[in-house]
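Understanding the architecture of this molecule
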Amino acid sequence: MIMEILIERLIYASRWLLAPIYLGMSVALMALAVKFFQELYHFIPAILAMEDTQLILKLLTFIDLTLVGSLTIIVMFSGYDNFVSRLDIAEGTEKLSWLGTHDYGSLKMKVASSIVAISSIHLLKVFMNVEHIANDKLLWYMLMHITFVLSAFLMGYLETIKAKQ
């Protein structure tokens with residue numbers, strides 16, 4: 001009995017091993033911000049000389065980076081809140097409206113839908129540059145995207161079935 005209690009407490013306390021990982025995600029978010037502003041720094045002087053297609057491709061890159069950053073925030077906050085400890089936000093401090101509302105299932109759906117959105121943007125970038133891409137690579141891009149879409153759809157469908165039970 002005592003051994004069981006000790007093991008259960010140790011297992012429960014091990015959730016704190018995730019805390020440094022979520023902290024590391026904030027460092028990764030800073031790296032993403034550096035990359036975003038590096039791209040912006042190179043983009044601004046070249047705006048007037050860019051063709052429409054290049055401008056759109058660059059804007060899609062910014063959207064892509066922003067979506068990855070948003071996904072990182074969602075995973076970081078929701079994951080910490082769900083698996084490590086509730087976030088204690090001081091009274092009077094602005095609180096994100098969705099914070100504390102995502103359980104594991106909704107977190108999975110957010111991640112899946114974000115991956116589909118990121119994949120869609122990447123595929124659009126590929127299509128806008130299709131004359132420079134081999135047909136077999138194009139096929140692989142499309143198959144990967146379809147796989148992401150079907151996976152997200154099936155995950156959503158399974159969550160709906162689970163919610164009805």
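Sequence order sets the numbering: in each chain, residues are counted from 1 along the sequence as written. Owing to the predicted nature of the model, reporting of local features is limited to residues with pLDDT of at least 70; listing and counting of side-chain atom pairs is limited to 80 or more, with chain, interface and lining totals taken over all residues. With hydrogens and water excluded, all non-hydrogen atoms of the structure serve as input to the side-chain values.

1. Re the overall build of the protein chain
The helix and strand tally for the protein chain stands at five helices and zero strands. Note on method: radius of gyration uses C-alpha positions; expected globular size equals 2.2 Å times residues raised to 0.38. At 21 Å, the protein chain has a C-alpha radius of gyration far larger than the 15 Å of a compact globule built from 165 residues. Seen through its principal axes, the protein chain has C-alpha atoms that stretch 70 × 40 × 30 Å. Each residue gets one of three labels from its accessible area relative to the maximum for its type: buried under 20%, exposed over 50%, partly exposed in between, using a 1.4 Å probe on protein chains only. Considering the protein chain as a whole, with its 165 residues, one finds that 24% of them fall into the buried category. Here a residue-residue contact requires only that any non-hydrogen atoms of the pair lie within 4.5 Å. Taking the contacts inside the protein chain whose residues are at least 6 apart along the sequence as the reference set, 68% of them involve residues at least 24 apart. Computed by Shrake-Rupley with a 1.4 Å probe, the accessible areas treat only the displayed protein chains as cover when residues are assessed. Carbon and sulfur atoms make up 69% of the accessible area of the protein chain, which totals about 11,900 Å². Positive: Lys, Arg. Negative: Asp, Glu. His and the chain ends are not part of the count. Just so you know, the charge point we use is NZ for Lys, CZ for Arg, CG for Asp and CD for Glu. The centroid of the 12 positive side-chain charges in the protein chain is displaced by 5 Å from the centroid of its 14 negative side-chain charges. Counting from the N terminus, the helices are the DSSP runs of H or I reaching at least four residues and the strands are the DSSP runs of E reaching at least two.

2. Quick word on the environment of methionine 25
In this fold, methionine 25 is placed in helix H2 (residues 18–43). Separated by 50 residues in sequence, methionine 25 and valine 75 place their C-alpha atoms 8.9 Å apart. Filtering out sequence-adjacent residues up to four positions away, methionine 25 remains in contact with Thr72, Val75 and Met76.

3. Some details on the packing of helix H3 (residues 52–83) against helix H4 (residues 104–128)
Helix axes are fitted to C-alpha atoms over the stretch in contact, other axes to C-alpha atoms as well, and angles between N-to-C directions run from 0 to 180 degrees. Where H3 contacts H4, the two axes come as close as 10 Å, and the packing angle between them is 165 degrees. Our classification of the angle between H3 and H4 gives roughly antiparallel. Pair H3 / H4 crosses with left-handed handedness. Any residue outside Ala, Val, Leu, Ile, Met, Phe, Trp, Tyr, Cys, Pro, Asp, Glu, Lys and Arg is labelled polar, Gly included; the first ten of those are nonpolar and the last four are charged. Tallied by class, residues from the contact of H3 with H4 come to 18 nonpolar, six polar and three charged. An angle below 35 degrees is treated as roughly parallel, one above 145 as roughly antiparallel, one from 65 to 115 as roughly perpendicular, and anything else as oblique. Here a crossing is called left-handed whenever its near helix is offset anticlockwise from the far helix by less than a right angle, and right-handed whenever the offset is clockwise.

4. A look at the side chain of aspartate 64
Mapped onto the elements of the fold, aspartate 64 is located in helix H3. Any carboxyl oxygen of Asp or Glu that lies within 4 Å of a side-chain nitrogen of Lys or Arg is treated as forming a salt bridge with it. Of the side chains with opposite charge, lysine 125 comes closest to the buried, unpaired aspartate 64, at an N-O distance of 4.4 Å. Setting aside residues up to four positions removed in sequence, aspartate 64 forms contacts with Ile118, Ile121 and Lys125.

5. Notes on the pattern of salt bridges
In total, this model carries four salt bridges according to the counting rule given. The salt bridge involving glutamate 39 is made with lysine 35; its shortest N-O contact spans 3.9 Å. With glutamate 39 and lysine 35 both in helix H2 and four residues apart, this pair spans about one turn of that helix. Judged by its relative accessible area of 17%, glutamate 39 falls in the buried class. Glutamate 39 serves as the salt-bridge partner of lysine 58, at 2.6 Å between the closest nitrogen and oxygen. You can see lysine 58 sitting in helix H3 and its partner glutamate 39 sitting in helix H2, a full 19 residues away along the chain. Among the residues examined, lysine 58 registers a relative accessible area of 22% and is labelled partly exposed.

6. So, helix H1 (residues 2–13)
Over its 12 residues, H1 extends 16 Å from the first C-alpha to the last, a length consistent with the 16 Å expected when each residue adds 1.5 Å. The buried count for H1 comes to zero of 12 residues, which makes it a mostly uncovered element. Given the number of residues in a helix, its expected span is that number minus one, multiplied by 1.5 Å.

Interpretation in functional terms is not warranted from these geometric data alone.
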